[in-house]
Amino acid sequence: MLFESWTALHGPDPDGSRTAQAIKPIMDLGLTLVPEDEGQPMALFKECIVRIDGDIARVRC
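The notes below deal with the structure included here. (Residues numbered from 1 in each chain as written. Predicted model: local features only at pLDDT ≥ 70, side-chain atom pairs only at ≥ 80, totals over all residues. Heavy atoms only, no water.)

**Some points on the overall build of the protein**
The following threshold applies: By definition, any uninterrupted DSSP run of H or I lasting at least four residues is a helix, any uninterrupted run of E lasting at least two residues is a strand, and each is numbered from the N terminus. Whether a residue is buried, partly exposed or exposed follows from its accessible area with a 1.4 Å probe, protein chains only, as a fraction of its type maximum: under 20%, in between, or over 50%, in that order.
Looking only at helices and strands, the protein features 2 helices and 4 strands. Reading the protein from its N end, one meets helices and strands in the order α-α-β-β-β-β. Dimensions of the protein, computed from C-alpha atoms along their principal axes, come out at roughly 35 × 25 × 20 Å. Going through the 61 residues of the protein one by one, you find that 15% of them count as buried.

**A closer look at the pairing of strand β4 (residues 56–60)**
We apply this condition: Paired strands, as defined in this entry, are two strands with at least two bridges between them according to DSSP.
The element β4 is barely covered by neighbouring structure, given that only 0 of its 5 residues are classed as buried. Pairing analysis gives 5 bridges linking strand β3 (residues 49–53) to β4, with the strands arranged antiparallel. Its bridge partner lying in β4, D53 is registered against I56. What sits between β3 and β4 in their antiparallel hairpin is a turn of 2 residues, with G54 showing a positive phi close to 65°.

**Looking at the nonpolar core**
Going by this rule: The set of buried Ala, Val, Leu, Ile, Met, Phe, Trp, Tyr and Cys residues whose side-chain atoms join them within 4.5 Å is what this entry labels a nonpolar core. We call two residues in contact when some of their heavy atoms are within 4.5 Å.
The biggest cluster of nonpolar side chains holds 7 residues, and these are W6, I23, I26, L44, F45, C48 and V50. Once you skip the residues sitting within four places of it in the chain, L44 turns out to touch I26, L31, T32, I49 and V50.

Next comes the structure, spelled out in structure tokens:
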């Protein structure tokens with residue numbers, strides 16, 4: 001349910017308020033990404049964003 005509201009965002013969001021409302025519950029989870037190569041963990045939505053589409057994931061830092 002948390003990720004569906006983020007996925008459902010379409011169209012312009014000039015001030016980012018719709019996006020912020022959709023991702024806040026996910027941010028509140030305090031998720032981190034931990035690289036397989038023992039690199040530094042990154043806080044999701046604070047230090048990076050992950051997009052998953054089927055079997056393809058993209059990370060933007």
